[in-house]
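# Descriptive structure summary
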There are 2 protein chains.
Amino acid sequence: MYKIGIDLGGTNIALGIIRDDRIVFKNSIPTGLPKAPKRLVGDIKDFVENSILEFGITINDIEKIGFGIPGSINEKTSHLEFANNFGYIHVPLIKMLRDAMNIPVFAGNDANVAALAEYALGAAKGADSMAMFTLGTGLGGAYISQGKILSGVNGAAGEFGHEVIVVDGEACSCGRRGCSEMYVSATALKISGKEAAKSNINSLLYKKLKEEKNFGAKEVIEAAVKGDLTAKLVYEKYLKYLSVAMANMINIFQPEVFVIGGGVSHAGDALLNPLKEMVREQVYSRTMDINTDIRLAMLGNDAGILGAGKLGEY
Amino acid sequence: MYKIGIDLGGTNIALGIIRDDRIVFKNSIPTGLPKAPKRLVGDIKDFVENSILEFGITINDIEKIGFGIPGSINEKTSHLEFANNFGYIHVPLIKMLRDAMNIPVFAGNDANVAALAEYALGAAKGADSMAMFTLGTGLGGAYISQGKILSGVNGAAGEFGHEVIVVDGEACSCGRRGCSEMYVSATALKISGKEAAKSNINSLLYKKLKEEKNFGAKEVIEAAVKGDLTAKLVYEKYLKYLSVAMANMINIFQPEVFVIGGGVSHAGDALLNPLKEMVREQVYSRTMDINTDIRLAMLGNDAGILGAGKLGEY
């Protein structure tokens, strides 16, 4: 039997046909927003049927379909409570998808679903509990224990990026000030890197800013690794804030594994090594033998599809 | 059948014999620290036997004994990993208690156990998930879902007081700077109240400081409620930090109920009403219908005994 995992994004809908936890066929269509929920469900149904046909199997070969959706899902009501990109509020999207498909449908928040993939098949495979930071445009978060994603009473738990770490700090789009997202996302590193480069025009960082069309977190870390003082100061400050946000989560959850994903995680050891040391100095369990193991995410962009395929298995 | 709940404190050991979730007999002895683990276990065994005798039942009438212990307990090894007050590190205390008693023994961290009482029998009775702040000398924390206390890979989870909310803020005893405990414990309110009183000697707060031998959080809140400007400024600042720390936890957990216990919680509506409003403005789920219900703890000092009696029931 096969499973289907669907990563329902604001730009594209990515589909994977999965066998034995591996993606054996991939397909993608534009989401085409804005689009009414009814039309979206119809388009998804057609997309699934066409993909199955193209791969050369039938709907009877599919055990279930899982969806990762960028919004808050209420498991009790099957409503998509809030999806910013889609402009949907209180839409019974999961029920609509179930009615349209004739096989079992599961759905979860996209960040949670990607984390589930790392938990079940990736960086935290075999661990009992895992916390995750996804360092991208924003700061995505998730906590999973015994295969269960922490979703809270309303499906909105795991907003680790909207934890204030600087009272009265930078204004965040969520309405609070000083949220960790404002200091530790890839966007935050890009912004502080740009500012520092412009005020030090003899730096390697400034050279990169001028040369790289898509200047971002990657260039800041590269310049820091090469020893550029301007970049180093920016990156060290970034690591300090990131280590504070991570140690906060460890003091709260003490997970077996802490996975770091998203664009910034591609820096590899240049991120992992200093971070491990800085976090170790801050966690409350310093006297204990057992400590959270910090690891980089392994599954990249496939995590969305693979995690969607794992929904409903715990 | 009866159960026994024991609140193992640094100063006293409080015991309760419990029937139908009510304490029917209470007893207490001094802990007498410093004391070697072996002698402590012997003293507890004698204390239990004497209490049973005094109440007029036998050991055969006791179903189990639960202990609340001020330290980190590793469930896998049954070790008390670290208990600051007792000076114990890596002591197999739970195993020793099991060997000494001839009935089932359960143990948990004292703050977690008190929270379990509020979850099972008190302010959060009937809820699926609960987070708790205990605002006392420090800031105690706990999260419980479906009767399970979040304890993490090493038994040290739930240290909500050691979450940094002010990067580079006040130095905390845990080694970090800006931990929430430094701003929202009863101690923090007392310290800032004292400082403000001394610099405003015409205030009601100063009068209270001079008159009350045990000046503390209670006096600051009383003066604020009576309209004393000096006290109001201190209390409003305290509420601001407390609401930040609580909204952080809600954005992370989205628990069904958030319980506030400890000395500060005795302020009642003077605490609850402004806090509810300030937290509501900060939580991430503002667009959702279902929100965390904030309540005051109900069980007071009995929570330690009652919660110990509920261990092992989920």
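Given the structure is predicted, the values throughout are model-derived calculations rather than measurements. Here the residue index of a chain counts from 1 through its sequence in written order. To read the labels, note that chains go from A and ligands from 1, taken in the order they are written. A pLDDT threshold of at least 70 governs which residues receive local features in this predicted model, and a stricter bar of 80 or more applies before side-chain atom pairs are shown or counted, although totals over entire chains, interfaces and linings include all residues. Calculated side-chain values reflect all of the structure's heavy atoms, with hydrogen atoms and water omitted.

Further remarks concern the interface of chain A and chain B. Residue contacts are defined here by distance: any two heavy atoms, one from each residue, within 4.5 Å place the two residues in contact. Across the contact, 47 residues belong to chain A and 47 residues belong to chain B. Buried area adds together the accessible area that both of two parts lose upon being put together, with accessible area traced by a 1.4 Å probe. For the chain A face of the interface with chain B, the top three residues by lost area are A:Arg176, A:Ile252 and A:Tyr284, together amounting to 16%. Salt bridges are defined as contacts in which a side-chain nitrogen from Lys or Arg sits within 4 Å of a carboxyl oxygen from Asp or Glu. For A:Lys240, the salt bridge identified is with B:Asp168, shortest N-O distance 2.7 Å. Under the rule applied, a polar contact is a pair of N or O atoms within 3.5 Å (in protein, one hydrogen donor and one hydrogen acceptor; residues adjacent in sequence only if both atoms are side-chain atoms). On the surface where chain A and chain B come into contact, there are 28 residue pairs in polar contact (both at pLDDT 80 or more). Each helix is a run of DSSP H or I of at least 4 residues and each strand a run of E of at least 2, with the numbering of both proceeding from the N terminus. Where the side of chain A that touches chain B is concerned, the elements lending two or more residues are strand S5 (72-74), strand S6 (79-83) and helix H8 (229-253) of chain A. Considering every element that reaches the side of chain A that touches chain B, the biggest residue donor is H8(A), with 10 residues.

Turning next to the side chain of B:Arg176. Assignment of secondary structure puts B:Arg176 in the loop between strand S11 (148-149) and helix H4 (181-184). Relative accessible area decides the class of each residue, using a 1.4 Å probe on protein chains only: under 20% of the type maximum gives buried, over 50% gives exposed, and in between gives partly exposed. In this tally Asp and Glu are treated as negative and Lys and Arg as positive; neither His nor the chain ends contributes. No salt bridge is formed by the buried B:Arg176; its nearest oppositely charged neighbour, A:Glu163, is found at 7.5 Å. At a separation of 3.1 Å, a polar atom in the side chain of B:Arg176 contacts the main-chain carbonyl oxygen of A:Val244. Of note is the side chain of B:Arg176, whose polar atom sits 3.0 Å from the side chain of A:Gln282. Not counting chain neighbours up to four residues away, the residues in contact with B:Arg176 comprise A:Ser243, A:Val244, A:Ala247, A:Asn248, A:Asn251, A:Gln282, B:His162, B:Glu163, B:Val164, B:Glu170 and B:Ala171.

Definition used in this section: a nonpolar core is a set of buried Ala, Val, Leu, Ile, Met, Phe, Trp, Tyr and Cys residues joined via side-chain atoms within 4.5 Å. With 106 residues, the main nonpolar core has A:Phe133, A:Phe253, B:Phe133 and B:Phe253 as its most contacted residues. Residues within four places of A:Phe133 in sequence aside, it is in contact with A:Leu139, A:Gly140, A:Phe160, A:Leu242, A:Ala245, A:Met246, A:Met249, A:Phe258, A:Val259, A:Ile260 and A:Gly261. Counting 33 residues, the second largest nonpolar core, distinct from the first, contains A:Val41, A:Ile69, A:Ala83 and A:Tyr88.

Another point: the relation of the copies chain A and chain B. In this comparison the copies share one frame, found by least squares on the C-alpha atoms of residues holding pLDDT of at least 70 in both. For the pair chain A and chain B, the relating rotation is 180°, the translation along its axis is 0.0 Å, and the fit reaches an RMSD of 0.0 Å. The superposition operator between the copies reduces to a two-fold rotation axis. Both copies present the same face, since 100% of the interface residues in chain A are matched by interface residues at the equivalent positions in chain B.

Let us now look at the sheet that holds strand S9 (residues 129-135) of chain B. Residues and elements named next belong to chain B. Here we have five strands laid out as an open sheet, ordered S11-S10-S9-S12-S13, and mixed in their pairing. A single partner strand is all that each edge strand has here, and the edge strands are S11 and strand S13 (293-296). Pairing between two strands requires that DSSP report at least two bridges joining them. Pairing analysis gives seven bridges linking S9 to strand S10 (residues 139-145), with the strands arranged antiparallel. Directly across from leucine 135, in S10, lies its bridge partner leucine 139. Helix H3 (residues 110-120) contacts S9, S10, S11 and strand S12 (257-261) of the sheet and is inclined by roughly 50° relative to S10. Axis geometry follows a simple rule: fit a line to the C-alpha atoms, using only the stretch in contact for helices, then measure angles between N-to-C directions, giving values from 0 to 180 degrees. Those strands touched by helix H8 (residues 229-253) are S9, S10, S12 and S13, and its axis lies near 155° from that of S9.

Moving on: the confidence of the model for chain A. pLDDT: the predictor's confidence for each residue, scored from 0 to 100. Scored by pLDDT, chain A has a mean of 95; 99% of the residues are at 70 or more. Prediction confidence for the complex, expressed as pTM and ipTM, is 0.92 and 0.92 respectively.

This part is about the environment of A:Ile6. Residue and element names in this part refer to chain A. Looking at the secondary structure, you find isoleucine 6 in strand S1 (residues 2-8). Put simply, isoleucine 6 and threonine 292 are 286 residues apart on the chain and 31 Å apart in space, counted from C-alpha to C-alpha. With residues up to four places along the chain from it excluded, the contact list for isoleucine 6 reads Ile13, Ala14, Leu15, Ile44, Val48, Ile65, Gly66, Phe67, Gly68 and Ala308.

Bringing the packing of aromatic side chains into the picture now. In this scheme Phe, Tyr and Trp rings, the latter by its six-membered ring, pair at centre separations within 6.5 Å, and the angle between planes marks the pair as stacked below 30 degrees, edge-to-face above 60, and tilted otherwise. Under the counting rule described, the total for this entry stands at 21 aromatic pairs over all chains. When the ring of A:Phe25 is compared with that of A:Phe55, the centres are 5.5 Å apart and the planes differ by 45°; the resulting orientation is tilted. With A:Phe25 in strand S3 (residues 22-30) and A:Phe55 in helix H1 (residues 37-55), this pair connects stretches of sequence that are 30 residues apart. Take A:Phe25: its relative accessible area is 13%, and that puts it in the buried class. A relative accessible area of 26% places A:Phe55 in the partly exposed class. In this structure an aromatic cluster arises from ring pairing among A:Phe133, A:Tyr143, A:Phe160, A:Phe253, A:Phe258, B:Phe133, B:Tyr143, B:Phe160, B:Phe253 and B:Phe258. By definition here, charges over rings are those cases where NZ of Lys or CZ of Arg is within 6 Å of the ring centre and within 35 degrees of the ring normal. The lysine or arginine in question, B:Arg19, covers the ring of B:Tyr2, its NZ or CZ lying 4.8 Å from the ring centre. The positively charged end of B:Lys64 is found above the aromatic ring belonging to B:Phe106, 5.5 Å away from the centroid.

All names here are of chain B. Where helix H7 (residues 217-225) contacts H8, the two axes come as close as 7 Å, and the packing angle between them is 115°. Both H7 and H8 take part in a crossing whose hand is left-handed. Side by side, H7 and H8 meet where Val220, Ile221, Ala223 and Ala224 of the first sit next to Ala231, Lys232, Val234 and Tyr235 of the second. Under the convention adopted here, Pro, Cys and the residues Ala, Val, Leu, Ile, Met, Phe, Trp and Tyr are nonpolar, Asp, Glu, Lys and Arg are charged, and Gly plus all remaining residues are polar. Per-class residue counts for the contact of H7 with H8 are seven nonpolar, no polar and one charged. Left-handed describes a crossing in which the near helix is turned anticlockwise from the far one by less than a right angle; the clockwise case is right-handed.

Moving on, we come to the packing of H1(A) against helix H2 (residues 93-100) of chain A. Residue and element names in this part refer to chain A. In contact at an axis separation of 10 Å, H1 and H2 are set at 40° when each is read in the N-to-C sense. Comparing their axes, H2 and H1 come out oblique. Relative to H2, H1 is oriented so that their crossing is right-handed. Of the residues in H2, those in contact with Pro37, Lys38, Val41, Ile44 and Lys45 of H1 are Leu93, Met96, Leu97 and Ala100. Broken down by class, the residue content of the contact of H1 with H2 amounts to seven nonpolar, no polar and two charged. Should an angle lie under 35 degrees it is considered roughly parallel, over 145 roughly antiparallel, and from 65 to 115 roughly perpendicular; all remaining angles are considered oblique.

As a further point, take the environment of B:Arg98. All names here are of chain B. Take arginine 98: it is sitting in helix H2 (residues 93-100). When its relative accessible area of 38% is taken as the criterion, arginine 98 is described as partly exposed. Separated by 20 residues in the primary sequence, arginine 98 and serine 78 have C-alpha atoms spaced 9.8 Å apart. When neighbours within four sequence positions are excluded, arginine 98 is seen to be in contact with Ser78 and Val105.

Residues and elements named next belong to chain A. With respect to topology, five strands assemble into an open sheet ordered S11-S10-S9-S12-S13, the strand pairing being mixed. Each edge of the open sheet carries a strand with a single partner, namely strand S11 (148-149) and strand S13 (293-296). As defined by bridge partners, strand S9 (residues 129-135) adjoins strand S12 (residues 257-261) across five bridges and the pair is classed as parallel. Counted as the bridge partner of alanine 131 is phenylalanine 258 from S12. Along the sheet, H8 makes contact with S9, strand S10 (139-145), S12 and S13, crossing S9 at roughly 155°.

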